[in-house]
Amino acid sequence: MPTAAGDPRLGEVIKAYMETRGIATHEAMARILGVERSLVSKYVNGSRSCRDMTQLRQFAEAMGLSPEIFGLLDRAEGEIHRRDVEDWKLVRQTLNRNRHVLTSVAARLYWEPRRIEGTNCLTKPGWIAPTPVPLNRVRLGLVAEADEPLFNGSETETEAVRPMASDGTRFERYSQAIRSIAQPVLFENRTSYRLLEAVFDEGGGRMRFGLTTYFDMIDICEALAHETAAAWMTHDHGERTELHELPFREQVGDLFDTGRRALLPSINTLTIRRGLDGDTFFLHRRGAASVTLAPGLTHIVPAGVFQPAAIGPWNIRRDFDLWRNMIREFFEELLNAPEHDGSRGTSVDYTAEPYRTLSEALEKGNIRAWCFGIGLDPLAPAGEILTAAVFEADVFDRVFAGLVSRNAEGEMYAAADGAVGLSWTEECVRQVLNHEPLAAAAAACIALTWKYRDQLLP
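Below is a summary of the structure that appears in this document. Note that the structure is predicted; figures quoted are calculated from it, not measured. (Residues numbered from 1 in each chain as written. Predicted model: local features only at pLDDT ≥ 70, side-chain atom pairs only at ≥ 80, totals over all residues. Heavy atoms only, no water.)

Concerning the sheet that holds strand β6 (residues 204-213)
Spatially, β4-β6-β5 is the arrangement adopted by the three strands of the open sheet, whose pairing is mixed. Looking at which strands have only one partner, the edges of the open sheet turn out to be β4 (138-142) and β5 (191-201). Taken over all neighbouring pairs, the strand axes of this sheet differ in orientation by 25° on average, direction set aside. Taken strand by strand, helix α8 (residues 214-234) contacts β5 and β6, and its axis lies near 95° from that of β6. (Pairing = 2+ DSSP bridges. Helix = DSSP H or I, 4+ residues; strand = E, 2+ residues; numbered from the N terminus. Axes fitted to C-alpha atoms, helices over the stretch in contact; angles between N-to-C directions. Contact = heavy atoms within 4.5 Å.)

Digging into the packing of helix α6 (residues 99-107) against α8
Packed helices, taken two at a time, are described by their axes: the angle between them and the distance between them. At a closest axis distance of 10 Å, the pairing of α6 and α8 adopts a crossing angle of 90°. Viewed along their axes, α6 and α8 adopt a mutual orientation that is roughly perpendicular. Contact residues: α6 offers R99, V101, L102 and V105, while α8 offers E222, T228, A229 and W232. Considering only residue class, the contact of α6 with α8 consists of five nonpolar, one polar and two charged. (Parallel < 35°, antiparallel > 145°, perpendicular 65-115°, else oblique. Nonpolar A, V, L, I, M, F, W, Y, C, P; charged D, E, K, R; others polar.)

Regarding the sheet that holds strand β14 (residues 406-407)
Across the sheet, which stays open at both edges, the four strands sit in the order β10-β9-β15-β14 with antiparallel pairing between neighbours. The open sheet has two edge strands, β10 (298-300) and β14, and neither has a second partner. In the sheet, strand β9 (residues 283-286) pairs with β10 via three bridges, with the strands oriented antiparallel. Residue pairing for β10: L283 is matched across the bridge by I300. Strands β9 and β10 of the sheet are contacted by helix α15 (residues 440-451), whose axis makes an angle of about 50° with β10.

What about the nonpolar core?
If you look at the biggest cluster of nonpolar residues, it comprises 86 residues, and the most contacted ones within it are M207, F330 and L358. With 13 residues, α8 is the largest single contributor of residues to this core. Core analysis: the second largest hydrophobic core is formed by 33 residues, F281, F372, V429 and L448 among them. (Core = buried A, V, L, I, M, F, W, Y, C linked by side-chain atoms within 4.5 Å. Buried < 20%, exposed > 50% of the residue type's maximum accessible area, 1.4 Å probe, protein only.)

So, unusual backbone geometry
With omega at 0°, the peptide bond leading from V301 into P302 counts as cis. Backbone torsion omega between E353 and P354 reads 5°, so that peptide bond is classified as cis. At E117, a residue that is not glycine, the phi angle is positive and equals roughly 50°. When you line up the elements, E117 lands in the loop between β1 (114-115) and β2 (122-123).

A few points about the pattern of salt bridges
Scanning all chains against the criterion turns up 19 salt bridges. A salt bridge links K89 to E86, with the nearest nitrogen and oxygen atoms 3.8 Å apart. Here E86 and K89 lie together in helix α5 (residues 77-97), a separation of three residues that amounts to about one turn. You can call E86 partly exposed: its relative accessible area is 38%. A salt bridge links R368 to E392; the shortest N-O distance between them is 3.2 Å. Residue R368 is located in strand β12 (residues 367-375), and its partner E392 is located in strand β13 (residues 384-392); the two are separated by 24 residues in the primary sequence. A residue is classified by how much of its surface remains accessible, and R368, at 22% relative accessible area, is partly exposed. (Salt bridge = Lys/Arg side-chain N within 4 Å of Asp/Glu carboxyl O.)

Regarding the state of the cysteines
Enumeration according to the criterion identifies zero disulfides in this entry. C445 carries a free sulfur, and the closest cysteine sulfur to it, the one in C121, is 7.7 Å from it. Its relative accessible area of 0% is what places C445 among the buried residues. (Disulfide = S-S within 2.5 Å.)

Overview of the packing of aromatic side chains
Counted by the stated rule, this structure contains 22 aromatic pairs. Between Y193 and F320 the ring centres are 5.0 Å apart and the planes differ by 50°, which places this aromatic pair in the tilted class. Placement of the pair is Y193 in strand β5 and F320 in the loop between α10 (313-318) and α11 (322-334), with a sequence separation of 127 residues. The class for Y193 is buried, based on a relative accessible area of 0%. A centroid spacing of 5.4 Å and a plane angle of 65° characterise the contact between W424 and W450, whose relative ring orientation is edge-to-face. On the criterion of sequence distance, the pair formed by W424 in the loop between β16 (422-423) and α14 (426-435) and W450 in helix α15 is long-range, its members being 26 residues apart. Judged by relative accessible area, W424 falls into the buried class, the value being 9%. Through successive ring pairs, a cluster of aromatic residues spans F282, W323, F330, F331, Y350, Y355, F391, F396 and F400. (Phe/Tyr/Trp six-rings, centres within 6.5 Å; stacked < 30°, edge-to-face > 60°.)

Function-wise, these values are silent; they only describe arrangement.
Shown next, in the form of structure tokens:
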């Protein structure tokens, strides 16, 4: 289990310096070192340390000391880099193996947000509809420009989750560390829609968006998750982690304040096949080495980040639509169709097959789609647009005749007795909610759809 990264003598040196110079307060010492007072306090009490060679040299220079005081001349920079990277990889691996448990740990840090139907998916008044909203009653607005968020992941409080690069400097962003050390198969920095405002009420739903990038979200959300995992490991995998142990999470503060960070939601759709032989639904185990968000967790199908399908500014307006994003994901996840990852300049023609069939079925009522509102995964709070889609069996079976058992993001859950999907029954739903390592958004969509089953599946 890793300890706090850094030179353990730093706090002792600062304390000795303060005593010999008659410096009475951490605030005064912070002015000498050129850092915040809280950071000096953490160095002194041992809860934070520093392994950044450049930073340690600067501290030594500020105090008029030789860098030898920290043993800098005794240690090779390459060894420090190796050890720092190994510690980071261990935490990252622990995070990905324990996301379900860590989501519960993170949820306990927040008292004010509401938990959706007893799950760990958080929401707040105005972000969740009083009853399911038909998808065509959710209005979207896109603004050309929006203020930059307050935090971008380069803050001092993220140093502990940004390891040392080979050149002796610290990675500036968490996404850079992932790309260099532990890049999953699907990891592209694409233009994405940034949530600025959401209102769900009796009249429907309204959401306003600006633009951001996928890595803007990763730099905040995965850094928060990594920080939580590291603290959890220091408690020997107990659940006593407190907010004051998580400096970056504490700094981010209100998870629902869209001005503080880039909030880039995914669209999560519980897909139900309605048939005379019984209703069924679909689950998917996301590959730990394939995806960045919710790896190793069980998710509903489909689930994908809300973003344009292709590069080019004209696609930003064309693809700014919940249903268009959903139908792309249906084909990508249920049929393992090539992902529209933004690497191609070709726009998607939604009037052509196979997309046209699904849109026509929606218009005719052979597919019915609803939106419940927005939730947050407390561990990596990227944002979750919660939806459900009910397919008549003949439409589903015709369009998804080539339903796959594995796709680029993981494995589909196998059904018993050759059925298409898992039985939408109280016994099966209870089993899934109570015993599957569900992503927070998946649990919320399943619980909400079951709650409103008489309305959604009359």
